[in-house]
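# Coordinates in review
So you can see what is in the structure, the chains are spelled out below.
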Amino acid sequence: MDLEADIRALQLDSAEDNNGAVIPEDHNSDVVEKLDKAEEDLEDKVQESVPVPDEHQASEHHDEEMLHPVHNPAKAKEKAAQEKAAKEEAEDEAEANKKRHLNVVFIGHVDAGKSTIGGQILFLSGQVDDRQIQKYEKEAKDKSRESWYMAYIMDTNEEERAKGKTVEVGRAHFETESTRFTILDAPGHKSYVPNMIMGASQADIGVLVISARKGEFETGYERGGQTREHVQLAKTLGVSKLIVVVNKMDDPTVGWSKERYDEIESKMVPFLKTSGYNTKKDVIFLPISGLMGINMDKRMGQTVCPWWSGPSFFEVLDTIEGPLRDPDGPFRMPIIDKFKDMGTVVMGKVESGSIREGDSLIIMPNKEHVKVVAIYCDEDKVKRAGPGENLRVRITGIEDEDIVAGFVLSSTVKPVPAVTEFVAQLQILELLDNAIFTAGYKAVLHVHAVVEECEIIELVSQIDLKTRKPMKKKILFVKNGAIVVCRIQVSNSICVEKFSDFPQLGRFTLRTEGKTVAVGKVTALSGASSSA
């Protein structure tokens, strides 16, 4: 730069003059003036070349730093670390302030109106627009099924639409003022109970849909109807709170009749009690019309139903308590599905602990170490997620063909135990014709996302129904209604926990020939392998 050269020359001149010669005062002041002016020019130039900071920055940075910008790697590193920490703190705060999340499973007999209510919820919460509804209305009309159009929002595949039956577990998301919900629309037909079990095992709260139409409630509730089996399964699978919606109240055979509503409630309450629900604390009844959307998002007027002054469906959903989970516990995510998408992606619901991008985890029972590359919650990419969230997690270190539904993504510290044998307390519900339950009995075991054949290898003791304590006498077999402690064996290693440690991974059902024969909880693990 020319200015710098001028300054250097002036400085040399003054140095030479100082080597012996007496410098006249005016000359000396000339030199100083020239130096000052040159320095000022240089300052101006430097300031022009440096971007002018805003007021906020200027107050933070020292003037000298602005005049002589020196690249300090240590300072830059420290600043980057501070920025990263602040960003993480903001993300954590956003996570903490995020609305709570609940999984809601819709259960009940086939044709009770589960998919229609799910569709109506999405319509009322603005997830589906009028144009789509008109399209579904036309499609349903073409199939001479006018009243099915709302169900088409949830039942998306052709088979489901043609038959009017849900086969797979439909998923959808909606939000109220305080809560984010994932709807799990479970199939009601008895052929698809395993799919219903899959849906209920991911749920926090259940919505039991009952049809008030004459004859339909009776069909669903009587022996062989799915209302009973679904309630028992829901309780076993950990659905602790139940909203019982009495649907189709607008039907001509019902006409919002209080007598019909009371009749249904009086029959359901004793049954819910025997299934293990506290009907005062854990169960809420309310009348609705899913097809017409009455008493769904807002309370219905006295003109529609003069005897009902209770809350609407959305109000109940907003205020219901979800289960308590530990965000700081060991990480557990049972895998319900896997696929390939720029690597291996696994799907499931976090039952305990938290997950972050970059975490090193282990997949049990095959003890494969994996690294978390990306986390997706609903459709959004997130840096971290806590318990109760339904996630898609992209991982490295394993191929998708080496993963089976029922494997568990787990923390490396305190990984989930893998066993081929465990001790459980079973309640026998309904054995097939004249069958007796004894050692050697074979059934299909459903525990979280695991479906595995199992065999009862020993009956340890029978529990006295009155005292709830083990009886002394040795038993060889038991019949319907009995509670028994037994040893169960499976051919492949499965991931389970003791019910007392992890209820979500410690409760199960036994099914035979398409029927639920027993429900139970794991009380002890034998031969557990959890070392990574």
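Our subject is the structure that appears above.
Notes on the structure in this doc start here. (Residues numbered from 1 in each chain as written. Predicted model: local features only at pLDDT ≥ 70, side-chain atom pairs only at ≥ 80, totals over all residues. Heavy atoms only, no water.)

### Details of the nonpolar core
Counted only if it meets this: Among buried residues, the Ala, Val, Leu, Ile, Met, Phe, Trp, Tyr and Cys ones that are joined through side-chain atoms within 4.5 Å form a nonpolar core. Partly exposed residues are those whose accessible area sits between 20% and 50% of the maximum for their type, while under 20% is buried and over 50% is exposed, using a 1.4 Å probe and protein chains only.
Counting residues in each nonpolar core, the largest one holds 55 residues, and the members touching the most others are M268 and F313. In terms of nonpolar packing, the next biggest core, distinct from the first, is built from 29 residues, V419, A424, V478 and F508 among them.

### Brief notes about the sheet that holds strand 19 (residues 450-463)
Defined as follows: Only strands joined by at least two bridges in the DSSP assignment are considered to pair. Secondary structure elements follow DSSP: runs of H or I of four or more residues count as helices, runs of E of two or more count as strands, with numbering from the N terminus. Every axis corresponds to a line fitted to the C-alpha atoms, with the helix fit spanning only the stretch in contact, and the corresponding angles, defined between N-to-C directions, vary from 0 to 180 degrees.
Pairing is antiparallel around the closed barrel formed by six strands, whose spatial order is 16-21-19-18-22-23. The average undirected angle you get between the axes of adjacent strands in this sheet is 45°. Bridging between strand 16 (residues 418-428) and strand 23 (residues 515-526) involves eight bridges; their strand directions are antiparallel. For A424, the partnering residue across the bridge sits in strand 23 and is V522.

### Some thoughts on helix 6 (residues 114-124)
Among the 11 residues of helix 6, nine are classified as buried, and the element is accordingly described as predominantly covered. For helix 6, the full list of buried residues reads K114, S115, T116, I117, G118, G119, Q120, I121 and L122. One or two positions beyond helix 6, positive phi appears at G126, with a value near 80°.

### Here we look at the packing of aromatic side chains
To keep it simple, the criterion reads: Whether two aromatic rings pair depends on their centres lying within 6.5 Å, for rings of Phe, Tyr and Trp, where Trp uses its six-membered ring; planes under 30 degrees apart make the pair stacked, over 60 edge-to-face, and the rest tilted.
Under the criterion given, the structure shown has eight aromatic pairs. Taken together, a centroid distance of 6.0 Å and an interplanar angle of 70° make the contact between Y261 and W308 edge-to-face. Taken as a pair, Y261 in helix 13 (residues 258-274) and W308 in the loop between strand 6 (283-287) and helix 14 (313-319) lie far apart in primary sequence, 47 residues in all. Judged by its relative accessible area of 13%, W308 is buried. Ring centres 6.4 Å apart and planes at 85° place the aromatic pair W307 and W308 in the edge-to-face group. In this structure W307 comes out as partly exposed when scored by relative accessible area, which is 23%. Members of the aromatic cluster, each reached through a chain of ring pairs, are F174, F181 and F314.

### Section: the pairing of strand 21 (residues 483-495)
Along any regular strand, the residues point their side chains to alternate faces of the sheet. As paired elements, strand 16 and strand 21 share nine bridges and run antiparallel to each other. Bridge pairing in strand 21 links V419 to I494. Alignment of strand 19 against strand 21, held across eight bridges, turns out to be antiparallel. Residue pairing across strands places C454 opposite V490, the latter belonging to strand 21.

### Some words on the environment of L432
For the record, the criterion: Residues are treated as being in contact if the distance between any of their heavy atoms lies within 4.5 Å.
Looking at where L432 falls in the secondary structure, it is placed in the loop between strand 16 and strand 17 (437-438). Separated by 81 residues in the primary sequence, L432 and E513 have C-alpha atoms spaced 8.6 Å apart. Those residues in contact with L432, other than ones at most four positions away along the chain, are T512, E513 and K515.

### Structural notes on the pattern of salt bridges
Here is the rule we go by: Just to be clear on terms, a salt bridge is a Lys or Arg side-chain nitrogen sitting within 4 Å of an Asp or Glu carboxyl oxygen.
The tally for this structure, following the rule as stated, stands at 23 salt bridges. In this structure, the salt-bridge partner of D204 is K349, at a minimum N-O distance of 3.2 Å. Of this pair, D204 sits in the loop between helix 10 (193-200) and strand 4 (205-211) while K349 sits in strand 8 (residues 344-349), placing them 145 residues apart in sequence. K349 carries the same exposure label as D204, and that label is buried. In this structure, the salt-bridge partner of E455 is K442, at a minimum N-O distance of 3.7 Å. Placement of E455 in strand 19 and of K442 in strand 18 (residues 442-447) is noted, with a sequence separation of 13 residues between them. Residue classification places E455 among the partly exposed positions, given a relative accessible area of 26%. In this structure K442 comes out as exposed when scored by relative accessible area, which is 56%.

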